[in-house]
Amino acid sequence: SQWGEENLQALSIQEGEDVTMNCSYKTYTTVVHWYRQDSGRGPALIILIRSNEREKRSGRLRATLDTSSQSSSLSITAAQCEDTAVYFCATDSNTDKVVFGTGTRLQVSP
Amino acid sequence: ETAVFQTPNYHVTQVGNEVSFNCKQTLGHDTMYWYKQDSKKLLKIMFSYNNKQLIVNETVPRRFSPQSSDKAHLNLRIKSVEPEDSAVYLCASSPRTGGSSQNTLYFGAGTRLSVL
């Protein structure tokens, strides 16, 4: 899972498999964002889950949030090669900064 | 479709030089940010501006200074660069309004700085 001073996590899977990436956070947050970053580009938001939601779905993506354990997960169903990217969770405590986790590098092979 | 534009894409310079990076957003957002991304992909916020006013100033060396002429532009100047400044500098904007928790960030493609 990502956060703190841990190094970038790496996952390698085959096309068609399901994958889950975990994130634990340390401070209060009103929302957890999940971003993906493709090579040579900036991160882009893919799904956002609010503190009053336990689960959120968008296409093949599913995000969960457990505020009691301060953890979130992002699952991708039937991963495809184009899902290869670095995925970040980020928290927003309603201040003026969004704080990012350390990221998970996902490699999906044909 | 990119709506946050950063220039240059790459910059190679020597220790001690001054560099300047530009960022412009065409999304009409009030808030802009600079993040630094190191070689391990770690993203750290450096500065945040809301409507030309500095609102977040993380602990960064004094050689870094942001500059905002209007809410659509946020530049970053580094006086006398050091080797540890080698990184990707990412600019972002958000439609943040007071008290809103939907602080979605829209990033530019980044400026990769190499300090020799």
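This text goes with the structure placed above it.
The following paragraphs examine the structure supplied in this document. Residue numbers here run from 1 along each chain, matching the order of that chain's written sequence. Numbering of ligands from 1 and lettering of chains from A proceed in the order in which they are written. A pLDDT threshold of at least 70 governs which residues receive local features in this predicted model, and a stricter bar of 80 or more applies before side-chain atom pairs are shown or counted, although totals over entire chains, interfaces and linings include all residues. No hydrogens and no water enter the side-chain calculation; it runs on all heavy atoms of the structure.

## Structural notes on the sheet that holds strand β7 (residues 71-76) of chain A
Residue and element names in this part refer to chain A. When DSSP finds two or more bridges between a pair of strands, those strands are recorded as paired. Secondary structure is summarised from DSSP: a helix means a run of H or I of at least four residues, a strand means a run of E of at least two, and numbering begins at the N terminus for each. Strand order in the open sheet formed by 4 strands is β2-β7-β6-β5, with antiparallel pairing between adjacent strands. Strand pairing shows two members of the sheet lacking a second neighbour, β2 (19-24) and β5 (55-58), which therefore form its edges. Pairwise comparison of adjacent strand axes, ignoring direction, gives a mean angle of 15° for this sheet. Sheet topology note: the strand β6 (residues 61-66)/β7 ladder contains 6 bridges and is antiparallel. Across the sheet, residue L61 finds its bridge partner in β7, namely I76. To define axes, lines are fitted to C-alpha atoms, for helices over the stretch in contact only, and angles between the resulting N-to-C directions are given on a 0 to 180 degree scale.

## Concerning the state of the cysteines
In this description, a disulfide is simply a cysteine sulfur pair whose atoms lie within 2.5 Å. With the rule as written, the count across this model stands at 2 disulfides over all chains. Covalent S-S linkage joins A:C23 and A:C89, the inter-sulfur distance amounting to 2.0 Å. Residues A:C23 and A:C89 are joined by a disulfide whose S-S torsion is about 75°; by sign, that bridge is right-handed. Taken together, the positions of A:C23 in strand β2 and A:C89 in strand β8 (residues 85-92) put the pair 66 residues apart, joining distant regions of the chain. Of the two residues, A:C23 and A:C89, both sit in the buried class. Across a sulfur-sulfur distance of 1.9 Å, B:C23 and B:C91 are joined as a disulfide pair. Disulfide B:C23-B:C91: torsion about the S-S bond near -80°, hence left-handed. Highlighted residues: B:C23 in strand β3 (residues 19-25) and B:C91 in strand β9 (residues 87-94), separated in sequence by 68 residues. Exposure class is identical for B:C23 and B:C91. Each is buried. Exposure categories follow from relative accessible area, calculated using a 1.4 Å probe and restricted to protein chains: below 20% of the type maximum is buried, above 50% is exposed, and the middle band is partly exposed.

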